[in-house]
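# Residue-level structural notes
Listed below are the residues making up each chain.
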Amino acid sequence: MALGTADANDAIAALVGELGATLLWGGHGLGFRPVQLRVGDAERGMTVELLEPWATEGRDFLVRFLDRHGDGPHHLTFKVEDLDAVLDALRASGRTPVGIDRSDPTWHEAFVVPAEAFGTVVQLAQTDHGDYDEFPAAFAASTRDGPRGDPVWWAKPPPRTPETAELRRVVLRTDGRADAEAFFGGLLGGRVSASAAGATELVWPGGGRVLLEDGPDRSGIDRLELAGPAPARTIAGARVVGMV
């Protein structure tokens, strides 16, 4: 998942110094610069991407997001095998994908807007950058050699805490859980791993988990739930809590 923030360094310091996250990669994009961290290890956990405004004269979507919402969850990324097939399915469901970009031969992407994705932006990506089977080796290289940077633009974080937390799932609240389950499960490939009164958990092969939780308020990401040492606090505008 991605968090938009005006200052990524504070969030990096919290994720590394308090939760034991591992810096993986960072670089520059058009209108933003990202850095990715693994909250967990190679087998368990999820990857968080921090987005900080950069060269916004070329693209100001992140500045507009921060002006409207402040720091906080920006989007969820789902990697797909066939982007065109998923786009066809989305259109058949009445949705209109936006931002379709095939200019990079190794990374094709599109987006679903919050009004059609239960209160959050959804990024769809078809990539040749390697699948999850290759992630353990990439994670080990980052742990051994440090993060890859193109270039390294962030400040050196504090030492990692020896007790590593694990990002277990993103909790999304909605008053339309059945429709959300059809979207995240039927269209985006999530498998129902648990269901109870008021909540459904879906899981993806790479370890990503989303808990759909009934809520009377407007839909959207409510919190990030972690296992391990996870003091309740806010990081880059996202509410972080321990698993119940």
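Now for a quick tour of the structure. Computed from a predicted model, the values in this text were never measured in an experiment.

### Focus on the nonpolar core
- Counting residues in each nonpolar core, the largest one holds 52 residues, and the members touching the most others are I12, L37, L50, V122, L124, F183 and F184.
- The element contributing the most residues to this core is helix α1 (residues 8-17), with six residues.
- Setting aside its immediate chain neighbours within four residues, I12 contacts G17, L23, V35, L37, L50, W154 and P157.
- Ranked by size, the runner-up nonpolar core spans seven residues in total, among them F32, L51, F61 and L62.

### Concerning the pattern of salt bridges
- For the coordinates displayed, the defined rule picks out 18 salt bridges.
- Salt-bridge contacts for E201 lead to R169; the nearest nitrogen and oxygen are separated by 3.0 Å. Here the residue E201 occupies a position in strand β12 (residues 199-203), and R169 occupies one in strand β10 (residues 166-174), the gap between them amounting to 32 residues.
- Its relative accessible area of 9% is what places E201 among the buried residues.
- With relative accessibility at 16%, the residue R169 sits in the buried group.

### Regarding α1
- Of the positions making up α1, those classed as buried are A8, A11, I12, A14, L15 and V16.
- Elements in contact with the buried residues of α1: β2 (22-27), β3 (31-40), β4 (45-54) and β15 (233-235).
- For α1, the side-chain oxygen to backbone nitrogen distance between the N-cap and N9 is 3.1 Å, and the N-cap itself is D7.

### Concerning the pairing of β3
- Across the ten residues that make up β3, a large majority, nine, are buried.
- Note that β2 and β3 share four bridges and pair antiparallel. Paired with L23 across the strands is L37, a residue of β3.
- Direction of pairing for β3 relative to β4: antiparallel, over a ladder of ten bridges. When the sheet's bridge partners are listed, G40 is paired in β4 with G45.
- Connecting β3 to the next strand, β4, in antiparallel fashion are four residues.

### A few points about the sheet that holds strand β11 (residues 191-196)
- Spatially, β11-β12-β13-β10-β14-β16-β15 is the arrangement adopted by the seven strands of the open sheet, whose pairing is mixed. A strand with exactly one partner marks an edge of an open sheet, and here the two such strands are β11 and β15. Here the average twist between neighbouring strands, direction ignored, is 30°.
- Pairing geometry for β15 and strand β16 (residues 238-242), over three bridges, is antiparallel. Each residue of the ladder has a partner; that of I235, found in β16, is A238.

### Examining the sheet that holds strand β1 (residues 2-4)
- Taken in spatial order, the nine strands line up as β6-β7-β8-β5-β1-β4-β3-β2-β9 in an open sheet, and their pairing is mixed. In the strand order of this sheet, the two ends are held by β6 (98-104) and β9 (148-150), each with one partner. Strand-to-strand twist of the sheet, defined as the mean angle between neighbouring strand axes without regard to direction, takes the value 20°.
- The sheet contacts of α1 involve β2, β3 and β4, and relative to β4 the element is tilted by about 160°.

### Brief notes about the packing of aromatic side chains
- The full count for this structure, using the stated rule, is eight aromatic pairs.
- Ring centres of F183 and F184 lie 4.8 Å apart, and the angle between their planes is 80°; on these two criteria the pair is classed as edge-to-face. Judged on exposure class, the residue F183 and its partner F184 are both buried.
- Among the aromatic residues, those joined into a cluster by ring pairs are F78, F118, F183, F184 and W204.

Thresholds applied
- Residues numbered from 1 in each chain as written.
- Predicted model: local features only at pLDDT ≥ 70, side-chain atom pairs only at ≥ 80, totals over all residues.
- Heavy atoms only, no water.
- Core = buried A, V, L, I, M, F, W, Y, C linked by side-chain atoms within 4.5 Å.
- Buried < 20%, exposed > 50% of the residue type's maximum accessible area, 1.4 Å probe, protein only.
- Helix = DSSP H or I, 4+ residues; strand = E, 2+ residues; numbered from the N terminus.
- Contact = heavy atoms within 4.5 Å.
- Salt bridge = Lys/Arg side-chain N within 4 Å of Asp/Glu carboxyl O.
- Polar contact = N/O pair within 3.5 Å; in protein donor to acceptor, adjacent residues only side chain to side chain.
- Pairing = 2+ DSSP bridges.
- Axes fitted to C-alpha atoms, helices over the stretch in contact; angles between N-to-C directions.
- Phe/Tyr/Trp six-rings, centres within 6.5 Å; stacked < 30°, edge-to-face > 60°.

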